[in-house]
Amino acid sequence: MLKRFDRPGARTTAAEISRNFGQWQDRAMQGPVLVTHHGRPRLVVLSAEEFARLADDAGGGSNPAAAAGEQVGELNRDTFIANMFEGFVSFDRDLRVRHLNAVAFASAGRDPQELIGAAADSPEFGEQGAALAARLRRVLRTGEVVQFESRGVFNPHRHYENRAFPFQGGVALMFSQLTELLDLRRDAEMYWAQTQAVDALGVVSKLAVNAMGYVEEANDAFCDLVGFPRAHVLGARLVDFIAPPHRHDVAQTLNAIMQGRADTHVGAIEFLVRDQDHVAVRLSVVRQAHNDVCVGLAVACAPA
């Protein structure tokens, strides 16, 4: 392992170099000096120029393959950041913007030159800038990943999910918009509240019918209307509940809706209920589609 030191060159002991350091540093300007301790190589004294040359070689100057690999890695990273769905902003240790991807520029709605070099707590980042800067400083201080939700820095009417993490000696912020998701969540909560309010009246019957025409869901009002338990209703064909005089016309109407020739239907028909009795109802049918393909029908009815 020490054979590399066997070649000719200046060498001295640790005791000798400590007594005559000035002499040996002059020798080191001409070439490396090997310093031994108890006869074994321990240190090498180099000139500053030689050290700089070796450092440059170690950094890739003498290894084209390593340098090329590093360039490819940087290119892949930049390509990924440019094409990601999330917004991406990188900051230096002073929390000044170094880079933004296209999503971040679009979200900001500002000239890129106004943001590059701007500090996270500067006026360019609005009222939310100070809170954002505090979270970014936490990442710099602790080195941990921080995930949080916030109002938009450039548009306070929008909501975002954010993730901040250490990046290239500074910190990066990755964010995606939650506004539409929160709106959908609120609409869903309102829908279920309205559904519960309607179901509590026990008047409106509701069904979910698949694309084959079979009942997949039915509320209590429908089961009470036709006089059958839910176990008998689920899996039955919707047209089997239609009174015979209306059955053919209703079947054609349902087929037309499923095939896309109509999206909705409202009409008066009669249901065949338990004990072969009939009940007149107002029927409403709406087509349900996914990727322009019918996946079923939403059906509601109420006594006429």
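Before any of the text, the structure's been laid out above.
Conventions and cut-offs
- Residues numbered from 1 in each chain as written.
- Predicted model: local features only at pLDDT ≥ 70, side-chain atom pairs only at ≥ 80, totals over all residues.
- Heavy atoms only, no water.
- Core = buried A, V, L, I, M, F, W, Y, C linked by side-chain atoms within 4.5 Å.
- Buried < 20%, exposed > 50% of the residue type's maximum accessible area, 1.4 Å probe, protein only.
- Helix = DSSP H or I, 4+ residues; strand = E, 2+ residues; numbered from the N terminus.
- Contact = heavy atoms within 4.5 Å.
- 1 Å grid on protein atoms, 1.4 Å probe; cavity = no way out; pocket = protein on both sides within 12 Å on 5 of 7 lines; lining within 4 Å.
- Points joined across faces, edges and corners; volume = space filled by probe spheres on them.
- Nonpolar A, V, L, I, M, F, W, Y, C, P; charged D, E, K, R; others polar.
- Salt bridge = Lys/Arg side-chain N within 4 Å of Asp/Glu carboxyl O.

S.K.: Before we go on, may I ask you to explain the nonpolar core in this structure?
M.R.: Membership of the largest hydrophobic core comes to 28 residues, with the highest contact counts inside it found for Leu207, Phe222, Val233, Phe241, Phe271, Leu297 and Val299. Elements with a contribution of two residues or more to this core: strand S9 (205-210), strand S10 (215-218), helix H9 (220-226), helix H11 (244-258), strand S11 (264-273), strand S12 (277-290) and strand S13 (293-303). Discounting residues that sit within four places of it in the chain, Val299 has contacts with Ser205, Lys206, Leu207, Val209, Leu238, Leu283, Ser284 and Val285. Counting 23 residues, the second-largest nonpolar core is a separate cluster that includes Leu100, Leu115, Tyr160 and Ala164.

S.K.: Just to check I follow, could you spell out empty space enclosed by the protein for this structure?
M.R.: In this approach, a probe sized like a water molecule rolls over the atoms, and the result shows the empty space that is left. One pass over the full model with this rule turns up 1 cavity of 30 Å³ or more. Looking at the largest cavity, it is lined by 20 residues, and the ones nearest its centre are Leu132, Val153, Asn162, Leu173 and Phe175. Elements with a minimum of two residues in the lining of the largest cavity: strand S4 (87-91), helix H5 (102-108), helix H7 (129-142), strand S6 (146-151), strand S7 (159-167) and strand S8 (170-177). Looking at the lining of the largest cavity, its residues break down into 13 nonpolar, 5 polar and 2 charged.

S.K.: Would you explain the pattern of salt bridges in this entry?
M.R.: A pair can form between side chains of opposite charge whenever their charged atoms are brought close. By the definition in use, this model includes 9 salt bridges. The residue Arg158 makes a salt bridge to Glu180 at a minimum N-O spacing of 3.9 Å. With Arg158 in the loop between S6 and S7 and Glu180 in helix H8 (residues 179-201), this pair connects stretches of sequence that are 22 residues apart. Its salt-bridge partner being Arg237, residue Asp240 comes within 3.0 Å of it at the nearest N-O pair. The partly exposed category is assigned to Asp240, whose relative accessible area is 35%. Linked by salt bridges that have partners in common, Asp183, Arg186 and Asp187 make up one network.

All quantities given are derived from atomic positions and should not be read as evidence of function.
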